[in-house]
Amino acid sequence: GLITPEEAAASGNRNLVTRALGVEDTVLLDVREVDVLCDDQLLLCSDGLNDMVRDEEIAEILAADVTLDAKCQRLVATTYRWSSSKPMNRPKSPG
């Protein structure tokens, strides 16, 4: 939306919580409908993964011809590898 992915990656407000459950009586939701095919994969993750691992690397891991469990293990291992060798504000590539 309001800013580009490049601006978001460099923003001082990138970890600012703008909505949370249990704070107010009602919650504003973002709802999107997408067409999902039989072999599609959906990844729900926290910013711990998304901030540490570039989108292209996540896509490469998900495209590997291994089990879902192996993909999850690789995503976690890759996150740990980057978090132990890079500062938390590691810039993400555009995209």
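These figures come from a predicted structure and were not determined experimentally.

1. Examining the pattern of salt bridges
Link 1 in the chain: All chains considered together, the criterion is met by two salt bridges.
Link 2 in the chain: The shortest N-O distance in the salt bridge between Asp-30 and Arg-19 comes to 3.4 Å. On the criterion of sequence distance, the pair formed by Asp-30 in the loop between α1 (5–10) and α2 (47–52) and Arg-19 in the loop between α1 and α2 is long-range, its members being 11 residues apart.
Link 3 in the chain: By relative accessible area, which is 64% here, Asp-30 ends up exposed.
Link 4 in the chain: The exposure class assigned to Arg-19 is partly exposed, which follows from its relative accessible area of 44%.
Link 5 in the chain: Of the charged contacts, one joins Arg-81 and Glu-57 as a salt bridge, the two residues approaching to 3.2 Å between their closest N and O atoms. With Arg-81 in helix α4 (residues 68–85) and Glu-57 in helix α3 (residues 55–63), the pair connects residues that are 24 residues apart, well separated along the chain.

2. A short note on the nonpolar core
Link 1 in the chain: With eight residues, the main nonpolar core is built from Leu-49, Met-52, Val-53, Ile-58, Ile-61, Leu-62, Leu-75 and Trp-82.
Link 2 in the chain: With three residues, α3 is the largest single contributor of residues to this core.
Link 3 in the chain: Ignoring sequence-local partners within four residues, the contact set of Leu-75 consists of Leu-43, Leu-49, Ile-58, Ile-61 and Leu-62.

3. A look at the confidence of the model for the chain
Link 1 in the chain: This prediction gives the chain a mean pLDDT of 83; 87% of its residues lie at or above 70.
Link 2 in the chain: Ranking the helices and strands of the chain by mean pLDDT puts α3 first, with 95, and α1 last, with 78.

Thresholds applied
- Residues numbered from 1 in each chain as written.
- Predicted model: local features only at pLDDT ≥ 70, side-chain atom pairs only at ≥ 80, totals over all residues.
- Heavy atoms only, no water.
- Salt bridge = Lys/Arg side-chain N within 4 Å of Asp/Glu carboxyl O.
- Helix = DSSP H or I, 4+ residues; strand = E, 2+ residues; numbered from the N terminus.
- Buried < 20%, exposed > 50% of the residue type's maximum accessible area, 1.4 Å probe, protein only.
- Core = buried A, V, L, I, M, F, W, Y, C linked by side-chain atoms within 4.5 Å.
- Contact = heavy atoms within 4.5 Å.
- pLDDT = per-residue confidence, 0-100.

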